[in-house]
Amino acid sequence: MTVDTSVMRKFNMSYVRRVGALEESFLGSGLPYGTARILYEIGLGAESVQDLRIRLGGLDSGYVSRMLRTLESKGYVATKRDPADGRRRLVVLTEDGLKQWDDLERRSEERAHLLLDPLTQRQRDRLNEALATADLLVRAATITIEPVDPRDPMAQEAMGHYFAEIGERFGFTVGDEGFGDDPSLRPPHGTFFVAASDGAPVASGAVREFDGTGEIKRMWVDPAWRGAGLGSRLLRHLEAEAVRLGHRVVRLDTRDVLSEAIGMYERAGYKRIDRYNDNPHATHFFRKEL
């Protein structure tokens, strides 16, 4: 056991006890924590079994189904087949379920006050900052980076954010340049990746073959996730994919206004080189031997 893992494990054990997660009836709701969490997520907008599994980190579908049956037996939840897709099960809170959700929300708020009330405002500010940082870092460490087709809705959503942001930062509209139809971003020539949290993309990027070497393209990290190391992790993932595709050198381009990206590339060992492409928006060019 290392110092880092010891701190993490001690916090986990302390926190789950203090928030009531070990109680057979979570916060006196009559439900164990897992089942109460399923109820809560439905109330927050989860519409299907698949949504619940995504929101709760890929829980086993059989386990989710068993908890849903418990909620159905109590009259809190109703499920039905999606008329547009018979393979998809929709979930909704009943009137009693909505009352249970409101009660759970009230009890959760009361438990939070019990933890915060003994603290001074300065201590609360420190705790809020520490918990927000811890939440971001843990989520960044535990999400997966998965290959997707550029035409996939998740990829399209990520690139919508990407082009909107670079257009704003560049000061002019940047088109999608045929992103979804670009064959170089699909096997066997390249791969596009998306990292998602709670069913929404939070980072993306691609590797493709360009002029005999690998090229990293379309790197984007949601602004709310920056500072958690996700960009560096994504970059390492793309480099590993470049090696898998048979490349020993990768190149990339960027623009001078993206100073944080330039700093990340330089810290990762990228060296500035002369222009190697005709991208009219790029001002800086980099190369790295893998």
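Look up a bit, the structure's there.
My aim in this report is to walk through the structure given alongside it, one point at a time.

Procedures and definitions
Residues numbered from 1 in each chain as written. Predicted model: local features only at pLDDT ≥ 70, side-chain atom pairs only at ≥ 80, totals over all residues. Heavy atoms only, no water. Helix = DSSP H or I, 4+ residues; strand = E, 2+ residues; numbered from the N terminus. Buried < 20%, exposed > 50% of the residue type's maximum accessible area, 1.4 Å probe, protein only. Pairing = 2+ DSSP bridges. Expected span 1.5 Å × (residues − 1). Contact = heavy atoms within 4.5 Å. Axes fitted to C-alpha atoms, helices over the stretch in contact; angles between N-to-C directions.

## So, unusual backbone geometry
The peptide bond linking Pro187 to Pro188 adopts the cis configuration, its omega dihedral lying at 5 degrees. For Pro188, the position within the fold is in the loop between helix H7 (153–170) and strand E4 (190–197). A positive phi angle, close to 55 degrees, is found at Leu27, a residue other than glycine. One non-glycine residue with positive phi stands out, namely Arg218, at about 60 degrees. Considering the arrangement of structural elements, one finds Arg218 in strand E6 (residues 213–221).

## Considerations on the pairing of strand E5 (residues 200–210)
Across the 11 residues of E5, eight count as buried, placing the element largely inside the fold. As judged from the eight bridges shared by E4 and E5, these two strands associate in the antiparallel manner. Among the inter-strand pairings, Ala196 is bridged to a residue of E5, identified as Pro201. The hairpin turn running from E4 into E5, its antiparallel successor, is two residues long, and Asp198 in that turn takes a positive phi close to 55 degrees. The antiparallel pairing of E5 with E6 creates a hairpin that spans two residues between the two strands, and Asp211 there sits at a positive phi of about 55 degrees.

## Some remarks on helix H8 (residues 230–244)
Here H8 spans 21 Å end to end across 15 residues, near enough to the 21 Å set by a 1.5 Å rise per residue. For H8, the complete set of buried residues consists of Leu230, Gly231, Leu234, Leu235, Leu238, Glu239, Glu241 and Ala242. Positive phi shows up at Gly246, right after H8, with a value of about 100 degrees.

## Re the sheet that holds E5
Reading across from one edge, E3-E4-E5-E6-E7-E9-E8 is the order of the seven strands in this open sheet, with mixed pairing throughout. Of all the strands in the sheet, the pair left with one neighbour each is strand E3 (145–148) and strand E8 (271–272). Pairing between E3 and E4: four bridges, direction antiparallel. Opposite Pro147, over in E4, you have Phe193 as the bridge partner. Here H7 sits on the sheet and contacts E3, E4, E5 and E6; the angle it forms with E6, its principal contact strand, is near 80 degrees.

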